[in-house]
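Residue-level structural notes
Given next are the chains, with one letter for each unit.
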Amino acid sequence: MTAVREKATEPEDLARIWVELANAGDAEGLAELYEPDAVMAFPIGRLHVGRDAIRAAFAEMLTRFSAFAPEETVPTLRSGDLALTSTVPADDSTGRYQVARRQPDGTWLRVLHSSGYVVES
């Protein structure tokens, strides 16, 4: 049985849904917030290309972190079917930025995601 997950009807929904899925430990659901060929930089310097790679990155993240707090959103910038979203980091990262695209069904998915979190070697 496939889980039915909330879809983002506005680009701003993506951050809230992300926190809910992360707190549920749902790496598959997190990956579904991204287009199939999306690119994510997390942490800085480590690129994950495509939904499978993004899912694997989140699965690894969820083995180290299990509680995520909602963050204050920065006003979204929109241009047609593209939106730049961001949140004010609640941790010691330098910021989080995402480009989302409106899908044919009117929902939104992330295309690009950069998290300013730096993992120390």
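Fair warning: this is a prediction, and the values are worked out from it, not measured in the lab.

1. Describing the packing of aromatic side chains
- Applying the stated criterion across every chain, the model contains three aromatic pairs.
- Their ring planes at 70 degrees and their centres at 5.7 Å tell us that W18 and F58 sit as a pair that is edge-to-face. In this pair, W18 is assigned in helix α1 (residues 13–23) and F58 in helix α3 (residues 51–64), connecting sequence segments 40 residues apart.
- Relative accessible area serves as the criterion here: at 13%, W18 is assigned to the buried category.
- Centroid distance Y34 to F58: 5.9 Å. Interplanar angle 45 degrees. Geometry classified as tilted. Here Y34, found in strand β1 (residues 34–41), pairs with F58, found in helix α3; they are 24 residues apart in sequence, far enough to count as distant.
- The structure contains a cluster of three or more aromatic residues connected by ring pairs, namely W18, Y34, F58 and F68.

2. Concerning α3
- The terminal C-alpha atoms of α3 lie 20 Å apart, and with 14 residues this matches the ideal 20 Å at 1.5 Å per residue to within 8%.
- Those residues of α3 that sit buried are I54, A57, F58, M61 and L62. Down the axis of α3, the buried set is contained in an arc of 135 degrees. They therefore lie on one face. Exposed residues on α3 whose side chains face more than 90 degrees from its buried face are D52 and T63.

3. Considering the side chain of H48
- Positionally, H48 belongs in strand β2 (residues 47–49).
- A polar contact is formed between the side chain of H48 and the backbone oxygen of F42, at a distance of 2.7 Å.
- If we skip the residues at most four places from it in the chain, H48 touches A38, V39, M40, F42, A53, I54 and A57.

4. Here we look at the sheet that holds strand β6 (residues 108–115)
- Spatially, β2-β1-β6-β5-β4-β3 is the arrangement adopted by the six strands of the open sheet, whose pairing is mixed. The sheet is open, and its two edges are formed by β2 and β3 (73–79), each paired on a single side. Strand-to-strand twist across the sheet, computed as the mean angle between neighbouring axes with direction ignored, equals 15 degrees.
- Where β1 lies against β6, four bridges are found, and the strand directions are parallel. Counted as the bridge partner of M40 is H113 from β6.
- Packing against the sheet, α1 makes contact with β1, β4 (82–87), β5 (96–102) and β6, and its axis sits at approximately 75 degrees to β6.
- Sheet strands in contact with α3 are β1, β2 and β6, and its direction is about 50 degrees off that of β1.

Cut-offs used in this document
Residues numbered from 1 in each chain as written. Predicted model: local features only at pLDDT ≥ 70, side-chain atom pairs only at ≥ 80, totals over all residues. Heavy atoms only, no water. Phe/Tyr/Trp six-rings, centres within 6.5 Å; stacked < 30°, edge-to-face > 60°. Helix = DSSP H or I, 4+ residues; strand = E, 2+ residues; numbered from the N terminus. Buried < 20%, exposed > 50% of the residue type's maximum accessible area, 1.4 Å probe, protein only. Expected span 1.5 Å × (residues − 1). Arc of directions from axis to C-beta. Polar contact = N/O pair within 3.5 Å; in protein donor to acceptor, adjacent residues only side chain to side chain. Contact = heavy atoms within 4.5 Å. Pairing = 2+ DSSP bridges. Axes fitted to C-alpha atoms, helices over the stretch in contact; angles between N-to-C directions.

Spatial relationships are all this shows, so hold off on functional conclusions.
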